[in-house]
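Below are the chains, spelled out letter by letter.
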Amino acid sequence: MRDVTTAHPVQDLDVQPTPLALLLLGRDADPKSERGVECPGDLPSPSDPDLVERARAAKEKLGEKVFVLGHHYQRDEVIQFADVTGDSFKLARDAAARPEAEYIVFCGVHFMAESADILTTDDQKVVLPDLAAGCSMADMATAEQVAECWDVLTDAGVADQVVPVSYMNSSADIKAFTGRHGGTICTSSNAKRALEWAFEQGEKVLFLPDQHLGRNTAVRDMGMTLEDCVLYNPHKPNGGLTAEELRNAKMILWRGHCSVHGRFSVESVNDVRARIPGVNVLVHPECKHEVVAAADYVGSTEYIIKALEAAPAGSKWAIGTELNLVRRLANRFAAEDKEIVFLDKTVCFCSTMNRIDLPHLVWTLESLAEENLVNRIEVDPETEKYAKLALERMLALP
């Protein structure tokens with residue numbers, strides 16, 4: 001038998017980590033990255049019993065100079081300090097409606113803070129408490145990859161027929177690409193309207209970066225077939241598609257997904273129905289197509305909240321979305337005798353969203369209170385111009 005102890009130890013190998021590897025490990029810095037950059041400064045200890053009081057004191061000192069936005073997926077310890085809560089686009093618009101606030105502290109992820117910077121005035125400063133709070137879905141489509149995709153579409157002779165539609169959950173670079181090429185942005189609430197508009201402008205849609213929202217909207221809401229959709233894989237030559245497949249397709253879906261919603265399965269649906277007779281299954285449209293097909297109701301985060309608000313007392317619900325929100329809703333409606341459970345047995349937090357915790361928020365607010373601007377998110381003027389154009393097309397949708 002070979003003595004494995006004689007093999008060269010790994011540390012003797014001359015292996016240098018790549019810049020991408022460093023970013024994924026949370027080392028080095030790249031302000032344009034959706035994740036993987038260190039938070040500068042000394043954070044308070046998470047065990048500090050005075051964190052809540054410190055956050056309250058710093059926020060009070062800042063007064064109207066600061067406006068704190070809290071995404072629905074944030075943990076309760078952070079949400080308690082939010083001036084408004086909502087989904088990514090609602091929060092960006094709320095920020096734009098508060099021009100008197102010098103600092104916009106966005107308790108969300110990187111692409112959300114970018115959108116807020118695009119929509120707010122030049123005098124306002126958007127701050128992300130932890131620069132490593134990115135989005136795995138947004139990471140799945142880079143500007144270079146999408147530019148290469150457009151070249152593939154051009155070589156196939158279909159680019160002039162294609163209108164890009166990009167989900168709000170994308171980087172500013174992807175939003176700018178969309179604006180330059182005559183496309184629009186969409187949210188999970190208005191994806192159908194955005195696609196209807198796009199098909200009035202052209203014969204095909206390039207949907208970025210979430211394949212599941214694109215597929216579910218096209219097939220479930222607009223009557224297309226699965227055969228009308230093809231999947232473009234940026235890691236394969238020509239996206240893994242032939243020119244004929246591109247010519248025959250109506251929906252060219254980018255191979256991206258949400259790491260949270262992608263975990264739910266038909267087995268999860270079947271299991272909860274067996275455990276809780278009469279349960280209503282309500283899922284987000286970022287879930288896989290087969291999960292959406294097996295559910296009773298499908299809708300955006302705001303739709304989910306409103307559905308539970310309107311639900312009768314005594315009703316039972318299994319929710320397929322991020323766990324922080326599901327727990328908060330379960331606690332909120334417990335007094336109304338509404339049983340609300342997480343769809344899957346596996347705990348499923350959004351790991352990057354959860355990087356925004358109370359120590360990061362305290363550090364941010366105290367730094368701003370001392371007039372020390374930290375972790376500013378600033379989109380360059382050229383990118384902002386075209387990203388804003390794409391967002392304005394969405395705002396103009398009927």
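First things first, this report covers the structure right here in the doc. Only a predicted model underlies this, so the values are computations on that prediction, with no experimental measurement involved. (Residues numbered from 1 in each chain as written. Predicted model: local features only at pLDDT ≥ 70, side-chain atom pairs only at ≥ 80, totals over all residues. Heavy atoms only, no water.)

The next subject is the sheet that holds strand E6 (residues 184-186). Backbone-to-backbone hydrogen bonds join strands into a sheet, with any given pair of strands oriented parallel or antiparallel. Pairing is parallel in the open sheet, where 5 strands are placed in the order E6-E5-E7-E9-E8. The open sheet terminates on both sides in strands that have one partner only, identified here as E6 and strand E8 (229-232). Taken over all neighbouring pairs, the strand axes of this sheet differ in orientation by 25° on average, direction set aside. Where strand E5 (residues 162-167) lies against strand E7 (residues 204-208), 5 bridges are found, and the strand directions are parallel. Its bridge partner lying in E7, Pro164 is registered against Leu206. (Pairing = 2+ DSSP bridges. Helix = DSSP H or I, 4+ residues; strand = E, 2+ residues; numbered from the N terminus. Axes fitted to C-alpha atoms, helices over the stretch in contact; angles between N-to-C directions.)

With that settled, consider the sheet that holds strand E3 (residues 103-107). Taken together, 5 strands build an open sheet; the order of strands is E2-E1-E3-E4-E14 and the sheet is mixed. Each edge of the sheet is formed by a strand with only one pairing partner; in this case those strands are strand E2 (84-86) and strand E14 (376-377). On top of the sheet, helix H16 (residues 358-369) reaches strand E1 (66-71), E3 and strand E4 (125-127); it is set at about 175° to E3, its chief contact. (Contact = heavy atoms within 4.5 Å.)

Attention now goes to the pattern of salt bridges. Taken as a whole, this structure holds 18 salt bridges when the rule is applied. Of the charged contacts, one joins Lys59 and Asp83 as a salt bridge, the two residues approaching to 2.8 Å between their closest N and O atoms. You can see Lys59 sitting in helix H2 (residues 51-62) and its partner Asp83 sitting in the loop between helix H3 (76-79) and E2, a full 24 residues away along the chain. Under the relative-accessibility criterion, Lys59 is labelled buried at 19%. Across the pair Asp76 and Arg328 runs a salt bridge, and its minimum N-O distance is 2.7 Å. Residue Asp76 is located in helix H3, and its partner Arg328 is located in helix H15 (residues 323-333); the two are separated by 252 residues in the primary sequence. (Salt bridge = Lys/Arg side-chain N within 4 Å of Asp/Glu carboxyl O. Buried < 20%, exposed > 50% of the residue type's maximum accessible area, 1.4 Å probe, protein only.)

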